[in-house]
Amino acid sequence: MMYNILAINPGSTSTKIALYEDEKLIQEKNITHSNEEIEKYEKITDQYEMRYSEIMNFLNEINYDVKNLSAVVGRGGLLPPVKSGAYKVNDVMVDVLKNRPVLEHASNLAAIIAYEMAEELGIPSYIYDSVAVDELDDIARYSGMVDIKRKSLSHALNMRATAISTAEEIGKPYTESNIIVAHLGGGMSVSIHKNGKMVDIVSDDEGPFSPERAGRVPCKDLISMCYKYDQKTMKAKLRGKGGLISYLGTNDAREVEKMIGEGNKEAAIIYEAMAYQIAKGIGELATVVKGKVDAIAITGGIAYSKMITDWITERVEFIAPVHIHPGENELESLVLGTIRVLDGKEEAREYKEEVRV
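Residues numbered from 1 in each chain as written. Predicted model: local features only at pLDDT ≥ 70, side-chain atom pairs only at ≥ 80, totals over all residues. Heavy atoms only, no water.

### Focus on a positive patch on the surface
So, point 1. On the surface, a cluster of positive charge is contributed by Lys228, Lys232, Lys237 and Lys241.
So, point 2. Take lysine 241: it is sitting in the loop between helix 7 (231-238) and helix 8 (244-248). (Patch = residues over 30% accessible without salt bridge, like charges linked within 9 Å, V, L, I, M, F, W, Y side chains within 5 Å. Areas by Shrake-Rupley, 256 points an atom, 1.4 Å probe, with all protein chains shown as cover. Salt bridge = Lys/Arg side-chain N within 4 Å of Asp/Glu carboxyl O. Lys, Arg positive; Asp, Glu negative; His and termini not counted. Charge placed at Lys NZ, Arg CZ, Asp CG, Glu CD. Helix = DSSP H or I, 4+ residues; strand = E, 2+ residues; numbered from the N terminus.)

Structure follows, in structure tokens:
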């Protein structure tokens, strides 16, 4: 049986969508939204109508009959902790994402849009490998302060897909492998996959700085800064205006490499420092499995940079062989997960809100 699937992945200033017939990509579109357009909306969920309309406009432009769809899948947003794999979108999930998400993030819109569209068509809607996938070992949850518990928020979708494909490359089942995956994008996270579970992570506020995030910064200095600036400003300094954009005024890695090519020594040391910190994150997670790492995978948009991947590889290849998987591959990963559900090879979970006291 052939499946027609629409995948939706909202980002801060874009909405990426793709139409697939089984595993074959039919149409793909990256709908961009200007900062001026986004800034009109007070909350992420206020953008729903605008983004929904943009998706429908595209489908109308290509004369696609949505009645052909078998399912709609969206990137999993910032829910309370969930398991890996597929969840069927329901009223409870939509209510949580609209009214009490863990964090405001554009990905929260994916399930809402998928659900509304699928309900009209009488077909199922899913999320797959949410940002909030939590498979942390109990020992990994301690932060060092009783007031703060470590959370599992990461680029789980692409990292799990990359770990699975890397396991295939080394000829071992994912469920019997120890693989470290570093996702390099506007934000960065690193994860260790032990026997098919993502048992620990270095999240984007615990590890390397990235094009627009500060990553792990000295706590004492950070506390002092909090008394100089308001909360909104501090959040922006950490997420949005940190990292490369803080040092060099750009969040475009290609622009930084151009600076380096023109002889900018400051750009060169800062860019290498980013790679250095990524390598430290990989080394940190190698200790989780006592050094018994089968492979290291580098993925995400910045993995296209040979300069960055070479710098990282030089520092970590003593741990395990390094595999490069450039790109985010998130839409494809959403679709492949949905196909496994529709084929009966994987069961979609029913989302229930857990009351935490």
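### Focus: the pattern of salt bridges
So, point 1. Overall, the coordinates contain 15 salt bridges when judged by the stated rule.
So, point 2. For the salt bridge of arginine 100 with glutamate 353, the shortest nitrogen-to-oxygen distance reads 2.8 Å. Here arginine 100 is found in the loop between helix 3 (91-99) and helix 4 (108-121), whereas its partner glutamate 353 is found in the segment after strand 14 (349-350), with 253 residues between them in sequence.
So, point 3. For arginine 100, a relative accessible area of 36% translates into the label partly exposed.
So, point 4. Overall, the relative accessible area of 36% leaves glutamate 353 in the partly exposed class.
So, point 5. Put simply, lysine 306 and aspartate 310 hold a salt bridge, and the shortest N to O gap is 2.6 Å. In this pair, lysine 306 and aspartate 310 both sit in helix 11 (residues 306-316), four residues apart, roughly one turn of the helix.
So, point 6. Judged by relative accessible area, which is 58%, lysine 306 ranks as exposed.
So, point 7. Judged by its relative accessible area of 31%, aspartate 310 falls in the partly exposed class. (Buried < 20%, exposed > 50% of the residue type's maximum accessible area, 1.4 Å probe, protein only.)

### Thoughts on the packing of aromatic side chains
So, point 1. Evaluation of the coordinates by the stated rule reveals four aromatic pairs.
So, point 2. Between tyrosine 48 and tyrosine 52, the aromatic rings sit 5.6 Å apart at their centres with planes inclined by 40°, giving tilted as the arrangement. Residue tyrosine 48 and its partner tyrosine 52 are both found in helix 2 (residues 48-61); the two are separated by four residues, about one turn of the helix. Grouping residues by exposure puts tyrosine 48 and tyrosine 52 together as buried. (Phe/Tyr/Trp six-rings, centres within 6.5 Å; stacked < 30°, edge-to-face > 60°.)

### Notes on the nonpolar core
Looking at soluble globular proteins, one finds that nonpolar side chains tend to be buried together.
So, point 1. In terms of nonpolar packing, the biggest core is built from 37 residues, with Ile180, Leu184, Tyr271, Ile282, Ile308 and Ile312 touching the most fellow members.
So, point 2. Those elements that place two or more of their residues in this core are strand 9 (178-184), strand 10 (188-194), strand 11 (197-202), helix 8, helix 9 (253-261), helix 10 (265-286), strand 12 (295-300) and helix 11.
So, point 3. Per element, the largest residue contribution to this core is ten residues, and it comes from helix 10.
So, point 4. Setting aside its immediate chain neighbours within four residues, isoleucine 312 contacts Leu184, Ala275, Ile278, Ala279, Ile282 and Ile298.
So, point 5. With 36 residues, the next largest nonpolar core counts Ile44, Met56, Met117 and Ala132 among its residues. (Core = buried A, V, L, I, M, F, W, Y, C linked by side-chain atoms within 4.5 Å. Contact = heavy atoms within 4.5 Å.)

### Section: the sheet that holds strand 11
So, point 1. Spatially, 11-10-9-12-13 is the arrangement adopted by the five strands of the open sheet, whose pairing is mixed. Of all the strands in the sheet, just strand 11 and strand 13 (322-326) have a single pairing partner and so form its edges. Mean inter-strand twist for the sheet, computed between neighbouring axes without regard to direction, equals 20°.
So, point 2. Looking at chain direction, strand 12 and strand 13 are connected through five bridges and run parallel. Bridge pairing links isoleucine 296 to valine 322 in strand 13.
So, point 3. Where helix 5 (residues 156-169) meets the sheet, it contacts strand 9, strand 10, strand 11, strand 12 and strand 13, and its direction lies at approximately 135° from that of strand 9.
So, point 4. Docked against the sheet, helix 11 engages strand 9, strand 12 and strand 13, running at close to 160° with respect to strand 12. (Pairing = 2+ DSSP bridges. Axes fitted to C-alpha atoms, helices over the stretch in contact; angles between N-to-C directions.)

### Side note on the pairing of strand 6 (residues 125-128)
So, point 1. Both faces of strand 6 are covered, namely the face carrying Ser125 and Ile127 and the face carrying Tyr126 and Tyr128.
So, point 2. Pairing geometry for strand 4 (residues 71-75) and strand 6, over four bridges, is parallel. Looking across to strand 6, one finds that valine 73 is bridged to tyrosine 126.
So, point 3. Pairing of strand 5 (residues 86-88) with strand 6, which is carried by three bridges, proceeds in the antiparallel orientation.

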